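Structural overview for review
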Amino acid sequence: MAFIRINGPTPLSGQVVAGGAKNAALPILAASLLARGTCHLSSVPRLEDVATMCQVIEGLGARLAGMERGIKVTVDDVNDRVPPEELVRKMRASVLVMGPLLARTGRARIPLPGGCAIGARPIDLHLKGFHAMGAQVSLADGEVEARAARLHGASIYLDYPSVGATENLMMAAVLAEGETVIEDAAKEPEIVDLATFLLSLGADVHGAGTPVIRIRGVGELHGADHTVIPDRIEAGTYLLAACGTQGDVSVHNVVPEHMKAVVAKLREMGAEVQVGERSVHLVMPGRVRPTDLKTFPYPGFPTDLQAPMMAVLTLAAGSSVVTETVFENRFMHASELMRLGARIRMDGRVAIIEGTDHLWGASVRATDLRAGAGLVVAGLMAHGVTDVCDAHHLDRGYDDLAGKLRKLGAHVVRVEDDDYFAERWERIHLR
Ligand code: UD1
């Protein structure tokens, strides 16, 4: 397993470009199964999760070819094979092929994704929605199956604005008979991007980005070209890293409208933030001011930036309270941050962070993608060497994280474990 070694602290400085949004690219790749024809998808990030989704849709009949900074997806016929369990376990977003499969072939089967490091993460809302649209849903032998000769439109009220459920139901509804109305739908920019893509395929979708999405089913969808929106979480990670290291960084390829909650918090913490048309520039002139925050569905503060934010608050001049409302058990990074000297107390979904003067480098473990990002940010702020182990989690969502941070002046290398052992062996040998 690879790890990331950081020798800190260094105030980050310079320019960085965010890539296409992972969380938009994944449902869009799944949605390409709905089209008969070829889709040219641009600004698809080079990430492990994207590679996994490509493998999943290839197994279902899609033919893929690389384009410059993108992927060409051609779909003639779709089969209803079960995606391999190891891919679904590797990436829960594999469940997003269910909607398109059900709509296109009348049958969708996937191995149950199971729990994961950040909580139970059930898919009950996805399944309830399919059921409301006329599908028979059954669970057997570790697989979930949904079947319907043709789905019909339905009025669906989500108990919670789940991003994945909203996406899966939108994709199921575009080929259904009649109108589907999804209420209390998720409003994330990635939902809007999926709707934009579905519209370009010939679907009839209205209201994406609001709590009520209306979809009128059509007979068939065709290929189209689409450019994926920029990754607001990647952009936010670099802004937080700049804030935590008292740096001066411009992040390009950003839709500032998508970053309002993050920018507001950064300003509250004392950062000078200038918002351009497609970029955000941050200068952090001194020590971070403490702040309280709660994660919420969009447009609230994103749960995916909670860990990097907690890392930054460990050096604040006072106490901060962070409440995680979206996922249970998403504080795995807190105990690792404490290994670096952070002072954090946890009570269920609430973490109280008492700012300290220094963090010290140590070896820490990334338990999931965003926890790993938090630890990298902390490593940039800490004195001495921090090794963030299990770096493969970071490959799921950050393209060339170490390289981009190096361009901002950080002393960061990615080390493959083989090198690590070789290096340690050499040291022992030389003694
Ligand atoms: C997506 C994002 C993830 C982000 C999350 C919240 C992708 C690929 N991933 O995940 O990065 O952290 O949104 O912004 O886009 N829930 C249920 N039943 C369901 C579905 C969800 O109870 O059927 C619960 C989950 O357990 C969780 C909450 O709803 O507590 C939010 O989950 P959801 O919005 O569905 O997140 P994902 O789509 O999995």
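Placed above this text is the structure.
Heads up: these notes are all about the structure in this document.

Notes on the sheet that holds strand β19 (residues 319-323)
Sheet architecture is open: 4 strands sit in the order β18-β19-β21-β20, paired in mixed fashion. Bordering the open sheet on either side are β18 (293-294) and β20 (343-347), each of which pairs with just one other strand. Where β19 and strand β21 (residues 350-354) come together, 5 bridges link them in antiparallel fashion. For serine 320, the partnering residue across the bridge sits in β21 and is isoleucine 353.

Re the environment of arginine 81
Counting through the fold element by element, arginine 81 comes out in the loop between β5 (70-75) and α3 (85-90). A C-alpha to C-alpha distance of 8.2 Å links arginine 81 and alanine 108, two positions 27 residues apart in sequence. Those residues within four positions of arginine 81 in sequence are excluded, and the remaining contacts are Gly59, Leu60 and Arg109. At 3.2 Å, the side chain of arginine 81 forms a polar contact with the backbone oxygen of glycine 59.

Considering the pattern of salt bridges
For the coordinates displayed, the defined rule picks out 27 salt bridges. One salt bridge in this structure joins arginine 330 and aspartate 304, with 2.9 Å as the shortest N-O distance. Residue arginine 330 is located in the loop between β19 and α11 (332-339), and its partner aspartate 304 is located in the loop between β18 and α10 (306-313); the two are separated by 26 residues in the primary sequence. The exposure classification of arginine 330 matches that of aspartate 304, with both residues buried.

Here we look at the packing of helix α8 (residues 232-244) against α10
Two elements in contact, α8 and α10, have axes whose closest approach is 9 Å; the angle formed by their N-to-C orientations is 5°. Classified by the angle between their axes, α8 and α10 sit roughly parallel to one another. Judged by residue contacts, Leu240, Cys243 and Gly244 of α8 engage Pro308, Met309 and Val312 from α10. When its residues are assigned to classes, the contact of α8 with α10 shows 5 nonpolar, 1 polar and no charged.

Here is what the cut-offs are and how they apply
Here, residues in each chain are numbered from 1, in the same order as that chain's written sequence. The model is predicted, so local features are restricted to residues of pLDDT at least 70 and side-chain atom pairs to those at 80 or more, both for listing and for counting; the totals for chains, interfaces and linings are taken over all residues. Side-chain figures throughout are based on the complete set of non-hydrogen atoms in the structure, without hydrogens or water. Only strands that DSSP links by at least two bridges are regarded as paired with each other. Secondary structure elements are taken from DSSP: a helix is a run of H or I of four residues or more, a strand is a run of E of two residues or more, and numbering for both begins at the N terminus. Contact criterion: two residues are considered in contact whenever any of their non-hydrogen atoms come within 4.5 Å of each other. Polar contacts, as used here, are pairs of N or O atoms within 3.5 Å; protein pairs need one atom able to donate a hydrogen and one able to accept it. Residues neighboring in sequence count only if both atoms are side-chain atoms. Salt bridges are defined by distance alone: a side-chain nitrogen of Lys or Arg within 4 Å of a carboxyl oxygen of Asp or Glu. Accessibility here uses a 1.4 Å probe with only protein chains present; expressed as a share of the type maximum, an area under 20% marks a residue as buried, one over 50% as exposed, and anything in between as partly exposed. The angle between two axes is taken between their N-to-C directions and runs from 0 to 180 degrees, where each axis is a line fitted to C-alpha atoms and a helix contributes only its stretch in contact. Angular relationships are summarised with four words: roughly parallel below 35 degrees, roughly antiparallel beyond 145, roughly perpendicular across 65 to 115, and oblique for the angles in between. Residues are sorted three ways: Asp, Glu, Lys and Arg are charged, Ala, Val, Leu, Ile, Met, Phe, Trp, Tyr, Cys and Pro are nonpolar, and all the rest, Gly among them, are polar.

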